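Examination of the molecular architecture
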Amino acid sequence: MYSEKVMEHFKNPRNMGEIKDADGVGTVGNPVCGDMMTIYIKVKDNRIEDIKFKTFGCGAAIATSSMITELAKGKALEEALKITRKDVADALEGLPPIKMHCSNLAADALKLAIEDYHKKQKSKEGAS
Amino acid sequence: MSVPRKIYMDHTAGKPIDSRVLEAMLSYMKFFYGNPFSIHSFGEEPRKALDEARIKIAELINAERKESIIFTSGATESNNLAIKGVANRNADRGKHIITSSIEHMSVLNPCKFLKTKGFNVTFLPVDSYGVISLESLERELKDDTILVSVQYANGEIGTIQPIKEISEIVHRKNAYLHVDATAANGLIPIDVRKDGIDLLTLSSNDMYGPKGVGALYIREGVRIEPILHGGGQERGLRSGTENVPGIVGFGKAAEIAKKEMREESERLSRLRDKLIRGLLESVPYSFLNGHPTMRLPDNAAVRFSFIEGESILLSLDMMGVAASSGSACTAKTLEPSHVLMATGLKHEEAHGSVLFTLGRQNTEEEVDYVISIMPDIVKRLRAISPLTPKELMSNV
Ligand code: FES
């Protein structure tokens with residue numbers, strides 16, 4: 001039922017794991033089926049220098065999280081924010097319709113991680 | 001260990017047809033195409049064949065007479081006929097129906113449908129093993145209860161219900177007992193007279209017969225009316241020309257089941273126990289779903305914490321093993337299995353459940369293979385999951 005690309009990312013997920021001293025962390029729960037995803041980012045000169053994920057969910061959820069880390073890595077934050085769930089699904093050569101909601105998870109988690117980074121930056125500035 | 005071949009352990013989803021069954025069916029597709037309703041000689045052979053199949057099925061469940069068996073298109077139709085047919089015919093006596101919260105959709109949905117037509121339906125709770133609460137059955141049975149519909153055993157968690165006790169309670173009042181034996185038939189002995197069953201749903205494919213055939217046993221004297229109206233076949237209770245080859249196959253499947261059930265179920269139970277023990281021992285944080293002893297011989301339902309069922313199934317499939325899961329992610333509705341939820345599991349616990357259902361072709365070598373690949377599959381997915389506790393990752 002999945003494309004080869006999805007299965008490939010499911011078998012060998014890229015950037016899987018955690019970043020201990022992450023600059024931003026975003027966690028989302030999937031309101032549809034109850035799954036969960038966390039994305040960690042490390043930012044340097046306004047670019048995503050490193051990115052990692054952890055996912056509790058189906059094959060599509062694991063593949064989309066892997067794919068979005070590939071798409072986002074090295075991008076400027078503004079660029080990374082523009083990645084949509086459609087971009088992720090397209091890069092995976094499509095997802096079954098019933099699995100489209102899983103790609104939301106990935107896009108949302110990345111957004112939250114970037115927001116978290118900005119928030120932390122602000123509080124740092126406030127402190128100094 | 002090398003992959004023996006593709007390993008099929010999803011027998012509740014569908015079973016292969018027994019070659020002896022197929023053999024018995026063939027001449028009814030090729031030569032004896034007459035309509036059993038016809039007066040002429042072409043109708044005779046199919047008519048005889050229907051009779052013989054009816055006798056074999058009656059014998060399998062110890063029905064008092066062959067006329068108590070009504071052929072249908074499968075378990076879904078049998079359940080619909082039993083529930084709607086009894087409800088509509090007995091509405092003058094009462095409008096209350098009792099069922100359980102872990103029934104198959106083909107029982108739950110007719111009951112919900114009847115609710116919109118003015119019937120009251122009670123859904124009995126089950127305990128954490130999936131056993132129907134007898135106390136609540138006793139409490140809920142009222143003078144206007146006309147039907148109690150429960151399953152013989154649950155295909156998803158394997159739990160066998162105390163049908164005899166249920167029957168005794170039900171028959172203290174004026175209600176009928178309908179039992180859906182789809183998951184149990186062919187695996188454990190069913191005796192409608194000893195068990196005190198008024199209506200019983202049977203399925204052909206679940207006994208290695210062809211798909212698209214089933215039966216409803218109706219004890220003599222039960223008040224019921226048809227849901228399909230037409231030419232009046234099957235004593236007027238199920239119109240439509242009988243699926244003769246299918247029914248012949250069903251009869252043969254019942255005959256084989258009766259003969260081989262004891263030995264085969266013993267063999268399956270041994271494999272089941274080995275599989276369950278092997279998985280629980282080799283994977284930390286794994287648990288059995290359903291009852292440990294009152295359990296179908298073919299059913300090994302296990303759940304693994306912190307990971308999700310679909311990704312487990314995909315991983316198993318990559319290793320040549322077919323199984324199923326009650327995870328929300330594998331459901332069309334994206335809801336977790338109602339059966340697992342009714343046993344009190346949390347959403348995320350239901351997520352990690354995997355169901356292996358064994359069959360005639362499965363061997364001990366295959367069971368060993370599944371046990372050997374499971375720890376690595378779980379370990380890999382747990383490494384990806386944010387829910388996995390840190391301690392677990394360091395020592396597995
Ligand atoms: S994460 Fe549940 S369906 Fe994809």
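What you see is a predicted model, and the numbers here were worked out from it, not measured in a lab.

**Things to note about the interface of chain A and chain B**
- Contacts between the two partners involve 26 residues from chain A, matched on the other side by 24 residues from chain B.
- Both sides of the chain A and chain B interface together cover about 1,900 Å² of buried area, and 70% of this is carbon and sulfur.
- Between chain A and chain B we count two salt bridges in total.
- Across the pair A:E18 and B:K390 runs a salt bridge, and its minimum N-O distance is 3.7 Å.
- Taken together, the elements giving at least two residues each to the side of chain A that touches chain B come down to helix 1 (4-11), strand 2 (36-44), strand 3 (47-56) and helix 2 (59-72) of chain A.
- Broken down by element, the side of chain A that touches chain B gets its largest block of residues, four residues, from strand 3 of chain A.
- Of the residues assigned to the side of chain A that touches chain B, the class counts are 15 nonpolar, six polar and five charged.

**A few points about the pattern of salt bridges**
All names here are of chain A.
- In this structure the tally under the stated criterion is 32 salt bridges over all chains.
- We note a salt bridge from D90 to K86, for which the minimum N-O separation is 3.2 Å. In this pair, D90 and K86 both sit in helix 4 (residues 85-91), four residues apart, roughly one turn of the helix.
- D90 gets classed as partly exposed once you look at its relative accessible area, which sits at 47%.

**Things to note about a nonpolar patch on the surface**
- A grouping of B:I17, B:L22, B:L26 and B:M29 is seen on the molecular surface, where their side chains present a nonpolar patch of about 320 Å² in accessible area.
- Tracing the backbone shows B:L22 in helix 1 (residues 19-30).

**Some words on the layout of surface pockets**
All names here are of chain B.
- Considered as a void within the structure, the largest pocket measures approximately 1,400 Å³ in volume.
- Lining the largest pocket are 44 residues; nearest its centre among them are T12, H104, M105, E156 and H338.
- For the lining of the largest pocket, the secondary structure elements donating two or more residues are helix 3 (75-90), helix 4 (105-115) and helix 10 (338-342).
- Split into classes, the residues belonging to the lining of the largest pocket amount to 13 nonpolar, 22 polar and nine charged.
- Split by domain, the lining of the largest pocket shows at least three residues from each of two domains, domain 1 (7-15 + 261-395) and domain 2 (19-257).

**Re the domain arrangement of chain B**
All names here are of chain B.
- Each domain of chain B was delimited in the assignment, giving domain 1 (7-15 + 261-395) and domain 2 (19-257).
- With centres defined by C-alpha atoms, the gap from domain 1 to domain 2 works out at 29 Å.
- The interface is formed by 29 residues belonging to domain 1 together with 35 residues belonging to domain 2.
- A combined buried area of about 2,600 Å² lies between domain 1 and domain 2, and 61% of that area is made up of carbon and sulfur atoms.
- The tally of links between domain 1 and domain 2 comes to zero salt bridges.

**Notes on the sheet that holds strand 6 (residues 176-180) of chain B**
Residue and element names in this part refer to chain B.
- Read from one edge of the open sheet, seven strands run 2-8-7-6-5-3-4, paired in mixed fashion. Each having just a single partner strand, strand 2 (69-72) and strand 4 (120-124) make up the two edges of the open sheet. Adjacent strand axes in the sheet meet at a mean angle of 20° when their direction is disregarded.
- Pairing between strand 3 (residues 96-100) and strand 5 (residues 145-151): four bridges, direction parallel. Across the sheet, the residue bridging to H96 is T145, located in strand 5.
- With respect to the sheet, helix 3 is in contact with strand 2, strand 3, strand 5, strand 6, strand 7 (199-203) and strand 8 (214-218), its orientation differing from that of strand 7 by roughly 160°.
- The strands touched by helix 6 (residues 163-172) are strand 5 and strand 6; relative to strand 6, the strand with the most contacts, the crossing angle is about 155°.

Each value, and the rule that gives it
- Residues numbered from 1 in each chain as written.
- Chains lettered and ligands numbered in written order.
- Predicted model: local features only at pLDDT ≥ 70, side-chain atom pairs only at ≥ 80, totals over all residues.
- Heavy atoms only, no water.
- Contact = heavy atoms within 4.5 Å.
- Buried area = accessible area lost by both parts, 1.4 Å probe.
- Salt bridge = Lys/Arg side-chain N within 4 Å of Asp/Glu carboxyl O.
- Helix = DSSP H or I, 4+ residues; strand = E, 2+ residues; numbered from the N terminus.
- Nonpolar A, V, L, I, M, F, W, Y, C, P; charged D, E, K, R; others polar.
- Buried < 20%, exposed > 50% of the residue type's maximum accessible area, 1.4 Å probe, protein only.
- Patch = residues over 30% accessible without salt bridge, like charges linked within 9 Å, V, L, I, M, F, W, Y side chains within 5 Å.
- Areas by Shrake-Rupley, 256 points an atom, 1.4 Å probe, with all protein chains shown as cover.
- 1 Å grid on protein atoms, 1.4 Å probe; cavity = no way out; pocket = protein on both sides within 12 Å on 5 of 7 lines; lining within 4 Å.
- Points joined across faces, edges and corners; volume = space filled by probe spheres on them.
- Domains from an automatic or database assignment.
- Pairing = 2+ DSSP bridges.
- Axes fitted to C-alpha atoms, helices over the stretch in contact; angles between N-to-C directions.

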